[in-house]
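What follows is the residue order along each chain.
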Amino acid sequence: MSIIFSLVDCNNFYASCERIFNPSLDNKPIVVLSNNDGCIIARSNEAKSLGIAMGAPYHENESLIKKNKVLVFSSNYQLYGDISRRVMSSLAMFTPEMEVYSIDEAFLRLDKFYGQDPYSLASDIRLKILKWTGIPTSHGLAPTKTLAKVANKIAKKKDQNVFDLTNIDIQTKILAKLPVEDIWGISRGWSKRLHNIGIQNALQLRDCDPSFIRNHLSVIGERIVYELRGVSCIGLEKVMPKKNILSSKSFGKLVTELEEVEEALANYAFRACQKLRNQNSKTQGIYIFLKTNKYRKNDLQYSNSATKEFSHPTSN
């Protein structure tokens, strides 16, 4: 069997996390806000259908949100991180060939399950992840990671949330409709260069001379051409230990008591130490920062930080 990647993506991840502990939120519009509740960083499908844009400032959508009774949540990265680890640990039970790509995405290799249909396998994984963690996922199947990204976008629009893009004829039809700027790995600058030389969609890029693209974009661009042709050039990457670990807290309300800050600092320092020990590392120092809400108007702002270096690296 040829290589088959599956890109697993958690659907509307932050909003789905909020729904796990409150089933009454199902089928209701939800948005999650960024640090200091400034911007919208996650939306449920119901919120998307109202025209609420990703990354838009909250204050610009406040009237629309209130009019449509959209439920608003401050981001809870500790919760999202914990649920992400549950999802990724559950996925790892199906295959050791796995790359955690982001907090809500992972690439799997499904071609090593001899005798099993990859589509049926992906469907079974999706149902088990939903049952075990409460998080709905979409699965895009393809012979390369680049095509798996394309397949996953289509899977999100399917009732089964699984889409197989291993067939060359189906690939050709879909790539003809995919703008080059929507290809994984193509930056805004690269898409402008491609448009300038007459390449508008993914099919045109796939059918280009790879050496021609290499001259215009670099060897990475050439690699994307081969990936679009179904030739795997980008393998699974191992997760390397982090050199820096960030654990931060944004309050969803105005904080005026020192005790609240101290409690948050203790909890998030504890969480950072857990991450440190989980990757079998030690730290040479700690950096603490504190700042007020920059979105509050006509108010005195405050920002400060402190650094402490240790005489010996420690994980205590």
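Remember, predicted model here, so these are calculated numbers, not experimental data. (Residues numbered from 1 in each chain as written. Predicted model: local features only at pLDDT ≥ 70, side-chain atom pairs only at ≥ 80, totals over all residues. Heavy atoms only, no water.)

Chemist: Which parts of the structure should I look at to understand unusual backbone geometry?
Modeler: Negative phi characterises most residues that are not glycine, and trans characterises most peptide bonds. In this structure, Lys-69 takes a positive phi of about 55° despite not being glycine. For Lys-69, the location among the structural elements is in the loop between helix 3 (58–67) and strand 4 (71–74). Residue classification places Lys-69 among the exposed positions, given a relative accessible area of 69%. Positive phi values are uncommon outside glycine, yet Ser-218 reaches one of about 115°. Within the secondary structure, Ser-218 is located in the loop between helix 10 (210–217) and helix 11 (219–228). Look at Ser-218 and you get partly exposed, because its relative accessible area is 27%. (Helix = DSSP H or I, 4+ residues; strand = E, 2+ residues; numbered from the N terminus. Buried < 20%, exposed > 50% of the residue type's maximum accessible area, 1.4 Å probe, protein only.)

Chemist: Before we go on, may I ask you to explain the pairing of strand 10 (residues 303–314) in this structure?
Modeler: As a general feature of sheets, a regular strand has side chains that alternate between the two faces. Little of strand 10 sits inside the fold, with 0 of its 12 residues counted as buried. Two elements, strand 9 (residues 283–291) and strand 10, share 8 bridges in a ladder whose sense is antiparallel. Among the inter-strand pairings, Lys-291 is bridged to a residue of strand 10, identified as Ser-303. (Pairing = 2+ DSSP bridges.)

Chemist: Honestly, the nonpolar core in this entry has me stumped. Any pointers?
Modeler: Nonpolar side chains in soluble globular proteins generally cluster together in the buried interior. Counting residues in each nonpolar core, the largest one holds 31 residues, and the members touching the most others are Leu-165, Ile-183, Leu-194, Leu-205 and Ile-213. Among the elements of the structure, strand 1 (5–10), helix 6 (145–155), helix 7 (168–175), helix 8 (188–196), helix 9 (202–206), helix 10 and helix 11 are those that each provide at least two residues to this core. Broken down by element, the residue count for this core peaks at 5 residues, all from helix 6. In this structure, Ile-183 is in contact with Thr-146, Leu-178, Ala-202, Leu-205, Ile-224 and Leu-228, ignoring residues within four places of it in sequence. (Core = buried A, V, L, I, M, F, W, Y, C linked by side-chain atoms within 4.5 Å. Contact = heavy atoms within 4.5 Å.)

Chemist: So what exactly am I meant to see when it comes to the sheet that holds strand 4 here?
Modeler: With respect to topology, 3 strands assemble into an open sheet ordered 3-2-4, the strand pairing being mixed. The open sheet has two edge strands with one neighbour each: strand 3 (40–43) and strand 4. Each neighbouring strand pair of the sheet contributes to a mean axis angle of 25°, computed without reference to strand direction. (Axes fitted to C-alpha atoms, helices over the stretch in contact; angles between N-to-C directions.)

Chemist: Looking at this structure, how should I read the packing of aromatic side chains?
Modeler: For any pair of aromatic rings, geometry is given as the distance between the ring centres together with the angle between the planes. As enumerated under the stated definition, the model contains 9 aromatic pairs in all. Centre to centre, the rings of Tyr-101 and Trp-184 are 5.7 Å apart; their planes meet at 80°, and the pair counts as edge-to-face. Highlighted residues: Tyr-101 in strand 5 (residues 98–102) and Trp-184 in the loop between helix 7 and helix 8, separated in sequence by 83 residues. Pairing Phe-107 with Trp-184 gives two aromatic rings, centres 5.6 Å apart and planes at 40°, and the pair type is tilted. With Phe-107 in strand 6 (residues 105–109) and Trp-184 in the loop between helix 7 and helix 8, the pair connects residues that are 77 residues apart, well separated along the chain. The buried category is assigned to Phe-107, whose relative accessible area is 0%. A cation sits over an aromatic face here: Arg-109 above Phe-5, 5.9 Å from the ring centre. Cation over ring: Lys-145 sits above Phe-107, and NZ or CZ is 4.7 Å from the ring centre. (Phe/Tyr/Trp six-rings, centres within 6.5 Å; stacked < 30°, edge-to-face > 60°. Lys NZ or Arg CZ within 6 Å of the ring centre and 35° of its normal.)

Chemist: Can you walk me through the sheet that holds strand 5 in this structure?
Modeler: Read from one edge to the other, the open sheet built from 5 strands follows the order 5-6-1-7-8, with strand pairing classed as mixed. Edge positions in the sheet fall to strand 5 and strand 8 (162–164), since each has one partner strand and no second. On average, each strand axis in the sheet is inclined to that of its neighbour by 15°, with strand direction left out of account. Summarising the sheet, strand 5 and strand 6 pair through 4 bridges and their orientation is antiparallel. Bridge pairing in strand 6 places Met-98 opposite Leu-108.

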